[in-house]
Each structure stands twice: as C-alpha cells, then as structure tokens.
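Given next are the chains, with one letter for each unit.
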Amino acid sequence: MPFVVTENCINCKHTYCADVCPVDSFHEGPNFLVINPDECIDCAICVPACIVGAIVEERDVPREQRPFIQLNAELSAAWPRLPKGKPPPPDAEEWDGVLHKRRLLER
Ligand code: SF4
Ligand code: F3S
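None of these values were measured; they are calculated from a predicted model.

**Q** Help me understand the site of ligand 1 in this model?
**A** Every residue near ligand 1 is listed here: Phe-3, Cys-21, Pro-22, Val-23, Ser-25, Phe-26, Ile-35, Cys-40, Ile-41, Cys-43, Ala-44 and Cys-46. The pocket occupied by ligand 1, as judged from atoms lying within 2 Å of grid points, is the second largest cavity. When grouped by side-chain class, the residues that make up the shell around ligand 1 number 11 nonpolar, 1 polar and no charged.

Right, dumping it as structure tokens:
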C-alpha cells in the first residue's frame with residue numbers, strides 16, 4: 001500500500017524525503033510534495049526522513065487527512081519529479097504543526 005504526503009508538508013517542504021526515495025517517486029509543487037502511488041514501492045524509508053511527520057502509509061492516513069490520498073495521485077500526475085532534495089523555504093520551521101494548511105496548497 002503506497003505512502004501518502006499529508007497536510008503538514010505544506011509550506012514546510014523540507015525535501016529530505018526526495019533524497020532517500022529509491023525510486024524517485026516524489027513530485028514537486030510550489031509549496032508541497034506528493035508521492036506517485038503507482039511508483040511507490042512501499043519501502044517506508046521516507047517516513048523517518050520527514051522531520052515533520054507528514055508521510056503516512058495509505059491505510060493509516062487519519063480520516064481528516066483522507067483527501068490527501070487523492071491529491072497525491074492527482075498532483076503527482078501533473079507536477080514534475082523531484083529526484084533530489086533541495087533547500088526548504090526560509091520559514092519552513094514556522095509552519096510545522098500549523099493547522100488547516102490545506103487552504104494554502106498552491107497548484
Ligand atoms: Fe519512496 Fe519508499 Fe517513500 Fe514510497 S515509501 S515514496 S518508495 S521512499
Ligand atoms: Fe514534505 Fe517532509 Fe518531504 S516536509 S517535502 S514530506 S521531508
């Protein structure tokens with residue numbers, strides 16, 4: 001079952017996850033990363049790499065975060081692949097744990 005990037009990545013976007021993924025299944029948008037569910041090999045290596053805990057296996061995604069399952073599938077088809085990490089936004093740490101960031105998702 002694939003892994004899913006959930007809401008806490010928005011505006012944090014540390015990209016450590018993209019550095020460790022063995023199959024380069026992360027795709028990058030303006031302020032969020034997503035996983036292509038058809039490419040993810042369910043290795044779980046990216047879970048501890050994300051310092052804000054944004055990556056969850058699909059079956060464990062909390063109910064209020066379930067829309068992110070579809071968002072990962074939809075946006076990974078539209079956004080370019082990010083095969084390597086890059087510097088996060090300068091204010092990334094300030095956004096860790098901020099609630100209701102979904103409205104800030106840029107496409
Ligand atoms: Fe990549 Fe593995 Fe994370 Fe899937 S679980 S996105 S294959 S690092
Ligand atoms: Fe986002 Fe965490 Fe990756 S903040 S970019 S899922 S390391």
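**Q** Could you clarify how one ought to interpret the environment of Leu-82 in this entry?
**A** Here Leu-82 lies in the segment after α3 (67–78). A relative accessible area of 8% places Leu-82 in the buried class. The spatial distance from the C-alpha of Leu-82 to the C-alpha of Pro-30 is 12 Å, given a sequence separation of 52 residues. Not counting residues up to four positions away in its chain, the partners in contact with Leu-82 are Thr-15, Ala-18, Phe-26, His-27, Glu-28 and Leu-33.

**Q** Before we go on, may I ask you to explain the pattern of salt bridges in this structure?
**A** Note that side chains of opposite charge can pair when their charged atoms are close. Summed over all chains, the structure comprises 5 salt bridges. With its nearest N and O atoms 3.4 Å apart, the salt bridge here joins Arg-59 to Glu-57. A relative accessible area of 58% places Arg-59 in the exposed class. Residue Glu-57 is classed as buried on the basis of its relative accessible area, which comes to 17%. Notably, a salt bridge pairs Arg-107 with Glu-74, separated by 2.8 Å at the nearest N-O pair.

**Q** For this particular structure, what's the right way to read unusual backbone geometry?
**A** The general pattern is negative phi for most residues beyond glycine and trans for most peptide bonds. In this structure, Lys-13 is a non-glycine residue whose phi angle is positive, near 45°. The residue Lys-13 is located in the loop between β1 (3–5) and α1 (16–20) in this model. For Lys-13, a relative accessible area of 11% gives the class buried. Although it is not a glycine, Asp-24 sits at a positive phi angle of roughly 50°. By the element assignment, Asp-24 lies in the loop between α1 and β2 (26–28). Overall, Asp-24 belongs to the partly exposed group, its relative accessible area being 28%.

**Q** Would you mind showing me how to read the site of ligand 2 here?
**A** Around ligand 2 sit Val-5, Cys-9, Lys-13, His-14, Thr-15, Tyr-16, Cys-17, Leu-33, Cys-50, Val-52 and Ile-55, and those are all the residues in its vicinity. Placement of ligand 2 is best described as lying within the largest cavity. Grouping the amino acids of the shell around ligand 2 by side-chain chemistry returns 8 nonpolar, 2 polar and 1 charged.

**Q** Got a minute to help me understand the nonpolar core in this structure?
**A** Considering soluble globular proteins, one finds that nonpolar side chains tend to be buried as a cluster. Core analysis: the largest hydrophobic core is formed by 29 residues, its most contacted members being Val-5, Phe-26, Phe-32, Leu-33, Ile-35, Ile-55 and Leu-105. When residues of this core are traced back to their parent elements, those giving at least two are β1, α1, β3 (33–35), β4 (55–57) and α3. Ranked by residues supplied to this core, first place goes to α3 with 4 residues. Among all residues touching Ile-35, those that are not within four sequence positions of it are Phe-3, Val-4, Val-5, Ser-25, Phe-26, Cys-40, Ile-55, Asn-72 and Ser-76.

Basis of the calculations
- The residue numbering used here restarts from 1 in each chain and proceeds along that chain's sequence as written.
- Chain letters start at A and ligand numbers start at 1, both assigned in the order the entries are written.
- The predicted nature of this model means local features are confined to residues of pLDDT at least 70 and side-chain atom pairs, given and counted, to a pLDDT of 80 or more, with totals for whole chains, interfaces and linings taken over all residues.
- Neither water nor hydrogens contribute to the side-chain values; these are computed over all heavy atoms in the structure.
- Being near a molecule or strand, for a residue, means having at least one of its heavy atoms within 4 Å of it.
- A cavity here means a set of points on a 1 Å grid, drawn over the protein atoms and nothing else, where a 1.4 Å probe fits but cannot get out; a pocket is an open set with protein on both sides within 12 Å along at least five of seven lines, and a residue lines either one if it has an atom within 4 Å of a point.
- Put plainly, a molecule is in a cavity or pocket when over half of its atoms are within 2 Å of the grid points there.
- The residue classification treats Ala, Val, Leu, Ile, Met, Phe, Trp, Tyr, Cys and Pro as nonpolar and Asp, Glu, Lys and Arg as charged. All others, Gly included, are polar.
- A run of H or I in DSSP counts as a helix once it spans at least four residues, and a run of E counts as a strand once it spans at least two, with each numbered from the N terminus.
- Throughout this description, buried means an accessible area under 20% of the type-specific maximum (1.4 Å probe, protein chains only), exposed means over 50%, and partly exposed covers the range between.
- Whether two residues are in contact is decided by their heavy atoms: any pair within 4.5 Å suffices.
- Put simply, a salt bridge is a Lys or Arg side-chain nitrogen that is within 4 Å of an Asp or Glu carboxyl oxygen.
- Nonpolar cores are built from buried Ala, Val, Leu, Ile, Met, Phe, Trp, Tyr and Cys residues. Side-chain atoms within 4.5 Å join them into one set.

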